[in-house]
Amino acid sequence: MARTAINYNGGPVQSLRATTSTGAGTAFVLNGGYSNFTAYCMPTTAGTGTASAQIQGSLDGNVWVALSAATTFSTAGRFFNSTAGFTVGHARLLETAEGSTDTVVNAWLTARP
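Being a predicted model, the structure only gives us computed values, none of them experimental. (Residues numbered from 1 in each chain as written. Predicted model: local features only at pLDDT ≥ 70, side-chain atom pairs only at ≥ 80, totals over all residues. Heavy atoms only, no water.)

**So, the overall build of the protein chain**
Looking only at helices and strands, the protein chain has zero helices and ten strands in total. Within the protein chain, buried positions represent 43% of all 113 residues. Looking at the protein chain alone, contacts between residues at least 24 apart form 76% of all its contacts between residues at least 6 apart. Surface summary for the protein chain: the accessible area is close to 5500 Å², and the carbon and sulfur share equals 52%. (Helix = DSSP H or I, 4+ residues; strand = E, 2+ residues; numbered from the N terminus. Buried < 20%, exposed > 50% of the residue type's maximum accessible area, 1.4 Å probe, protein only. Contact = heavy atoms within 4.5 Å. Areas by Shrake-Rupley, 256 points an atom, 1.4 Å probe, with all protein chains shown as cover.)

Structure, rendered in structure tokens:
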């Protein structure tokens, strides 16, 4: 699992980078505890172009819990927020489904206390 500090002054960080199958994206160590997260997900494909993802958090970087429901998005892209309100020290995106085998997903994550 790749770990890096999230730089909030520099904008969102990319957790899912050109993924073509379901699974966890890059996990980030947060500098301090954060409880509010926003994700922007966008598949890029000529096919059906749908996918689903959820925001996940962890206290230790090993055990992950869902901070949002799995949210479906299309080629238009979609913003969604975490609603759990739990303070965590690690965050990532999990791609939970793809609409077609040619779907390529890019997704960014940002947080605030």
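Don't stop here, the text continues.
**Details of the sheet that holds strand S8 (residues 78–81)**
The strand order across the open sheet formed by four strands is S1-S10-S4-S8, and the pairing between neighbours is antiparallel. This sheet does not close on itself; its edge strands, each paired only once, are strand S1 (13–19) and S8. Direction aside, neighbouring strands of the sheet carry axes that sit 15° apart on average. In this structure, strand S4 (residues 36–44) lies alongside strand S10 (residues 104–112), joined through nine bridges in antiparallel fashion. From the neighbouring strand, Met-42 faces S10, where its bridge partner is Asn-106. (Pairing = 2+ DSSP bridges. Axes fitted to C-alpha atoms, helices over the stretch in contact; angles between N-to-C directions.)

**As for the nonpolar core**
In terms of nonpolar packing, the biggest core is built from 19 residues, with Phe-37, Ala-39, Cys-41, Ile-55, Leu-93 and Leu-109 touching the most fellow members. Looking at this core, the elements that each hand over two or more residues are strand S3 (28–34), S4, strand S5 (51–58), strand S9 (88–98) and S10. Considering every element that reaches this core, the biggest residue donor is S10, with four residues. (Core = buried A, V, L, I, M, F, W, Y, C linked by side-chain atoms within 4.5 Å.)

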